[in-house]
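# Commentary on secondary and tertiary structure
Each chain, letter by letter, is given below.
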Amino acid sequence: MKRFLGVGLLLLVTSIAAAQDQPRGGRGGFGGGFGGGGPGGGGATLILSISEVQKELNITDEQKKKITELGEASRKEMQASFGSFNREEFDKLSDDEKAKRRTEMSKKAEDAGKKALADVAKILDEKQNERFGQLRLQRTGISALAQDDVASKLGLSGEQREEVAKIIQAGRPMGFGGFGGSEEERRAAFEKMQKAREKSQSDLMAVLTPEQKAKWEGMLGKKFEFPNRGFGPPGGGQGAGQGGQGGGRRRPE
C-alpha cells in the first residue's frame, strides 16, 4: 500500500505540474511521470524510455544510455523530494495548508520537469528534438494550452488564456484520497480522475477557434501510436483532434 501511495502521489503531482505553466495551469494520456512532469514534459524521460518512441526518433545506443541515466537521476530526485509525504498528516491540515502543500509539490515537479527537458534537448539532435516536441504534445494532450509557448504559437488571447486556466483549475484533483484504500476504492478514484480529465479535454478544445484547432493539429505532427501499456499522460488520451490519441493506461495496482 505504501509503495502504491508513493507512486500514485508522484504520478498525481507530476500530472498536475504537466498541465501547468500558468495558474498555477492532441493526443496523449496520464502525463507526467518521473523526470519530465513539468510544463509540456509529459514525462520526458518516461516517453523516451518507450522502445517504439526510440525507434521513431532513431535513438542511438549511446543516447539510450544517457537517457536511462537521466531518467534514473530524475526519479531519485523526485523520490527524495516527496519521500517524506505522510497522508495522515496531510489529511489533518486545513484547506489552505493543503492547497499550499499541493502548490509546493507541483512547483517541485514542474522545476524537475523543466530541468529534465533541458537535459534531454542536449542529448537529442535538432531533428530528433523537433519530432520529440511533437510526440510530447501528442502525449500531453490539449492541456498543453496552459503552456506559454504553446499558447503563444496558437495566438491565444488574454481571455482565452484565462478560460484555459479556469478549466485546468476546475479539473485539477483536490486531494490524494482514494489511493490508499482497497482495489475497488483505488479503481473508483482513478476512474473519477479519468472522467474529470475527459471533461477538461472537451472544454479546453472548445476554447479554440477553428483556425487555432487546425494550427494545433499541425503542431502535433504525424500521428504516433503510443503502445497500450503503462500510465498514459492527463493531457489527452481520448480521440485524436479532441486532445487524444490513446496513450495507454492501466488501472492502479
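Please refer to the structure higher up on the page.
As the structure is a prediction and not an experimental result, all values here were calculated from the model.

## What about the pattern of salt bridges?
Taken as a whole, this structure holds 12 salt bridges when the rule is applied. K115 is the partner of D119 in a salt bridge, and the nearest nitrogen-oxygen pair spans 3.1 Å. Residue D119 and its partner K115 are located together in helix α6 (residues 95–123), separated by four residues, close to a single helical turn. The exposure class assigned to K115 is partly exposed, which follows from its relative accessible area of 46%. With its nearest N and O atoms 3.4 Å apart, the salt bridge here joins E225 to K223. By relative accessible area, which is 51% here, E225 ends up exposed. If you follow the salt bridges from partner to partner, you end up with E72, R75 and K76 in one network.

## Focus on the packing of aromatic side chains
Applying the stated criterion to the full structure yields one aromatic pair. Relative to F226, the ring of F224 lies with its centre 4.9 Å away and its plane at 85°, an arrangement referred to as edge-to-face. Take F224 and F226: they sit in the same class, and that class is buried. One cation-aromatic arrangement involves R136 over F132; the distance from NZ or CZ to the ring centre is 5.5 Å. For the cation-ring pair, R139 lies above F226, with the distance from its terminal atom to the ring centre recorded as 4.6 Å.

## Examining the packing of helix α9 (residues 158–170) against helix α10 (residues 183–207)
Taken N-terminus to C-terminus, the directions of α9 and α10 make an angle of 175°; their axes are 10 Å apart at the nearest point. As the angle between them shows, α9 and α10 are arranged roughly antiparallel. Across from Q160, E163, V164, I167 and I168 in α9, the residues of α10 making contact are S200, D203, L204 and V207. Residue composition of the contact of α9 with α10, grouped by class: five nonpolar, two polar and two charged.

## Some words on the packing of helix α7 (residues 126–140) against helix α11 (residues 210–220)
The geometry of α7 relative to α11 is characterised by a closest axis approach of 8 Å and an angle of 125° between their N-to-C directions. On the basis of the axis angle, α7 is oblique to α11. Packed against α7, whose contacting residues are R131, Q134, L137 and Q138, the element α11 presents W216, M219 and L220 at the interface.

Conventions adopted
Residues numbered from 1 in each chain as written. Predicted model: local features only at pLDDT ≥ 70, side-chain atom pairs only at ≥ 80, totals over all residues. Heavy atoms only, no water. Salt bridge = Lys/Arg side-chain N within 4 Å of Asp/Glu carboxyl O. Helix = DSSP H or I, 4+ residues; strand = E, 2+ residues; numbered from the N terminus. Buried < 20%, exposed > 50% of the residue type's maximum accessible area, 1.4 Å probe, protein only. Phe/Tyr/Trp six-rings, centres within 6.5 Å; stacked < 30°, edge-to-face > 60°. Lys NZ or Arg CZ within 6 Å of the ring centre and 35° of its normal. Axes fitted to C-alpha atoms, helices over the stretch in contact; angles between N-to-C directions. Parallel < 35°, antiparallel > 145°, perpendicular 65-115°, else oblique. Contact = heavy atoms within 4.5 Å. Nonpolar A, V, L, I, M, F, W, Y, C, P; charged D, E, K, R; others polar.

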